[in-house]
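Per-entry structural report
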Amino acid sequence: MTKNRISTFLVLILFILSSCDKSRIYEQNFDLPDNKWDEDKELIFDFEVPDHRQMYNVLYNVRYSVDYPFYNLYVKYNLLDSAGRELNQKLQGMDLMDSKTGKPFGKGVGGVYDFRVLALPSYVFPYSGKYKLKVRQYMRQNPLPQIYSFGLRVEKAGA
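Below or above, wherever it landed, is the structure these notes cover.

**Side note on the side chain of Asn 57**
If you trace the backbone, Asn 57 turns up in strand E4 (residues 56–65). Residue Asn 57 is classed as buried on the basis of its relative accessible area of 13%. Here the side chain of Asn 57 touches Ser 122 through a polar contact of 2.8 Å, landing on its backbone nitrogen.

**Observations regarding the pairing of strand E3 (residues 43–49)**
Here E3 shows one buried face, formed by Leu 43, Phe 45, Phe 47 and Val 49, and one open face, formed by Ile 44, Asp 46 and Glu 48. Across seven bridges, the pairing between E3 and strand E9 (residues 129–137) is antiparallel. Looking at the pairing, Phe 47 lines up with Tyr 131 of E9.

**Comments concerning the packing of aromatic side chains**
Under the defined criterion, the tally for this structure stands at 14 aromatic pairs. Relative to Phe 47, the ring of Tyr 26 has its centre 5.6 Å away and its plane inclined at 40°; by these criteria the two rings are tilted. Separated by 21 residues along the polypeptide, Tyr 26 in strand E1 (residues 24–31) and Phe 47 in strand E3 bring together distant segments of the chain. Note on Tyr 26: relative accessible area 12%, which makes it buried. Taking the relative accessible area as the measure of exposure, Phe 47 reaches 4% and is therefore buried. Judged by centre distance (6.5 Å) and plane angle (70°), the rings of Tyr 64 and Tyr 68 are edge-to-face. The same class applies to Tyr 64 as to Tyr 68, namely buried.

**Re the nonpolar core**
If you look at the biggest cluster of nonpolar residues, it comprises 35 residues, and the most contacted ones within it are Phe 47, Tyr 60, Leu 73 and Phe 150. Contributing elements (two or more residues each) for this core: E3, E4, strand E5 (72–81), strand E8 (112–123), E9 and strand E11 (147–156). Apart from residues no more than four positions distant in its own chain, Phe 47 is found in contact with Tyr 26, Leu 79, Phe 125, Gly 129, Lys 130, Tyr 131, Leu 133, Leu 152 and Val 154.

**Thoughts on the sheet that holds E11**
Sheet strands pair via backbone hydrogen bonds, and the direction of the pair is either parallel or antiparallel. Taken together, the five strands give an open sheet; going across it, the order is E1-E11-E4-E8-E7, and neighbouring strands pair in antiparallel fashion. Of all strands in the sheet, those with a lone pairing partner are E1 and strand E7 (107–109), marking the two edges. Pairwise comparison of adjacent strand axes, ignoring direction, gives a mean angle of 15° for this sheet. Bridge count for E4 against E8 is nine bridges, and the pairing is antiparallel. Within the sheet, the bridge partner assigned to Val 62 lies in E8 and is Phe 115.

**Regarding the sheet that holds E5**
One open sheet accounts for four strands, arranged E3-E9-E5-E6; its pairing is antiparallel. Edge strands, defined here as strands with exactly one partner in the open sheet, are E3 and strand E6 (86–95). Each adjacent strand pair in this sheet contributes to an overall mean axis angle of 20°, direction not counted. Bridge analysis of E5 against E9 gives seven bridges, and the strand direction is antiparallel. Across the sheet, Val 75 pairs through a bridge with Gln 137, a residue of E9.

**Some remarks on the pattern of salt bridges**
Two side chains carrying opposite charge are able to pair once their charged atoms lie near each other. On inspection of all chains with the given rule, the structure shows nine salt bridges. The salt bridge partner of Lys 132 is Asp 46, with a shortest N-O separation of 3.6 Å. Within this pair, whereas Lys 132 is found in strand E9, its partner Asp 46 is found in strand E3, the two being separated by 86 residues in sequence. Among the residues examined, Lys 132 registers a relative accessible area of 29% and is labelled partly exposed. Linked by salt bridges that have partners in common, Arg 24, Glu 27, Arg 116, Arg 153 and Glu 155 make up one network.

Criteria and cut-off values
- Positions within a chain are numbered from 1, following the residues in the order the chain's sequence is written.
- A pLDDT threshold of at least 70 governs which residues receive local features in this predicted model, and a stricter bar of 80 or more applies before side-chain atom pairs are shown or counted, although totals over entire chains, interfaces and linings include all residues.
- Side-chain measures were taken over the full set of non-hydrogen atoms in the model, leaving aside hydrogen atoms and water.
- In this text, helices come from DSSP runs of H or I with a minimum length of four residues, and strands from runs of E with a minimum of two, each type numbered from the N-terminal end.
- Buried means the residue's accessible area, taken with a 1.4 Å probe over protein chains only, is under 20% of the maximum for its type, while exposed means over 50%, and partly exposed covers the values in between.
- Identification of polar contacts relies on pairs of N or O atoms within 3.5 Å, with a donor-acceptor requirement for protein atoms, meaning one able to donate a hydrogen and the other able to accept it, and with residues adjacent in sequence counted only if both atoms are side-chain atoms.
- What makes two strands pair is DSSP finding at least two bridges between them.
- Aromatic pairing here means that ring centres of Phe, Tyr or Trp (its six-membered ring) are within 6.5 Å. Orientation follows from the plane angle: under 30 degrees is stacked, over 60 is edge-to-face, and everything else is tilted.
- Joining through side-chain atoms within 4.5 Å is the link that ties buried Ala, Val, Leu, Ile, Met, Phe, Trp, Tyr and Cys residues into a set, and such a set is a nonpolar core.
- Should any heavy atoms of two residues lie within 4.5 Å, those residues are counted as being in contact.
- Axes here refer to lines fitted to C-alpha atoms; in helices the fit is confined to the stretch in contact. Angles between the N-to-C directions go from 0 to 180 degrees.
- The rule for a salt bridge is simple: a side-chain nitrogen of Lys or Arg has to be within 4 Å of a carboxyl oxygen of Asp or Glu.

Shown next as structure tokens:
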């Protein structure tokens, strides 16, 4: 089975499994051209928060290759409200592989791994409504190779 078929199969399985997920309020993934993430490529996620009294977990979905040249990934995000006001920004680091053994984190087949990383745990949005999260890779190598896709998931915390 080729890597593309395996990736397509994994996406289909994840779609089927996630369609029954009642805690998820938003999820979108962007495939990166040629499996490279250019530092100028800003990924923009538009989502709506139905209840500002609810706590939410905001997670990153990362699909990467075991040939990814680093064990970690740094991203910079900006969270904006519906009026375009910046609510939060941060540089975040995440480990994709064990720094000592090189073992990849997440679930994978054929050298491609899917890993979900908690970005904002138990986050309380200031009001119900529309939000935008903008994300850029913030690594020293440009373009950043072997990142197949990057996504965002927003789910009810504790569900």
